[in-house]
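Next come the chains, spelled out residue by residue.
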Amino acid sequence: MSSVFDVQKTIREILLKILDSHSLEQLNKVPDGFSNNIIWNIGHCISSQQVLVYKLSGLPTMVSEDFINKYRKGTKPEGDVSQAEVDEIRTLLSTTLEKTKNDFESGLFVDYHEYTTSIGFTLRHVQGALDFNNYHEGLHSGVAMALRKLV
């Protein structure tokens, strides 16, 4: 299973580079024709990972319910994110990855509530959730890469 965490680490490093190479204004800009921005895509990756891996395992998340609701599927930016929120997201990119890896290696994930994703893939266990999460974060890192050319 270490490769799934290696892949996620690489994706998170890409997201960190994007985050660190853009101003607050650029991170918050929603380009014409888009419904979200760079910072929403990054926050969405964190929110989704916490739901797919922790909530569906019946475990507490590292982020608040407000954070999850702000960045969950089907949402869009409702206003500009502050620098403090960007700093929190920056920290969460690494802390959520490390905690998930440690929790997985310690055997914390025992139960899993089956869930069918919007693309029709059914997650039956945490290993499947971790695999799917990498696919999902890869999609959103691609969107963030496209957005950076428009801001």
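The name an unreviewed UniProt entry gives the chain is DinB family protein, with Flavobacterium chungangensis as the organism.

Moving on to the environment of Ser118. If you trace the backbone, Ser118 turns up in the loop between strand 1 (115-116) and strand 2 (122-123). When the C-alpha atoms of Ser118 and Val7 are compared, they prove to be 22 Å apart, with 111 residues separating the residues in sequence.

Here the focus is the environment of His136. One can find His136 in helix 6 (residues 126-148). Along the backbone, His136 and Val126 are 10 residues apart, and their C-alpha atoms lie at a distance of 15 Å. If near-sequence neighbours (up to four positions away) are discounted, His136 is found in contact with His44 and Ser48. Among the polar contacts made by the side chain of His136, one reaches the side chain of His44 at a distance of 3.0 Å.

Mapped onto this numbering, the UniProt entry gives "domain: DinB-like" (unreviewed entry) at residues 12-142. Helix makes up 60% of residues 12-142 and strand 3%, and the two end C-alpha atoms of the span are 12 Å apart.

Aromatic ring pairs are described here by two measures, namely the spacing of the ring centres and the angle between the planes. Within this structure, the stated rule accounts for five aromatic pairs. Taking 5.5 Å as the distance between ring centres and 45 degrees as the angle between the ring planes, the aromatic pair formed by Phe132 and Tyr135 counts as tilted. Taken together, the residues span about one helical turn, with Phe132 and Tyr135 both in helix 6 at a distance of three residues. With relative accessibility at 11%, the residue Phe132 sits in the buried group. Taking the relative accessible area as the measure of exposure, Tyr135 reaches 41% and is therefore partly exposed. A connected cluster of aromatic rings, assembled from ring pairs, spans Phe121, Phe132 and Tyr135.

Cut-offs and rules
Residues numbered from 1 in each chain as written. Predicted model: local features only at pLDDT ≥ 70, side-chain atom pairs only at ≥ 80, totals over all residues. Heavy atoms only, no water. Helix = DSSP H or I, 4+ residues; strand = E, 2+ residues; numbered from the N terminus. Contact = heavy atoms within 4.5 Å. Polar contact = N/O pair within 3.5 Å; in protein donor to acceptor, adjacent residues only side chain to side chain. UniProt positions renumbered as here; feature names shortened; annotations may be inferred. Phe/Tyr/Trp six-rings, centres within 6.5 Å; stacked < 30°, edge-to-face > 60°. Buried < 20%, exposed > 50% of the residue type's maximum accessible area, 1.4 Å probe, protein only.

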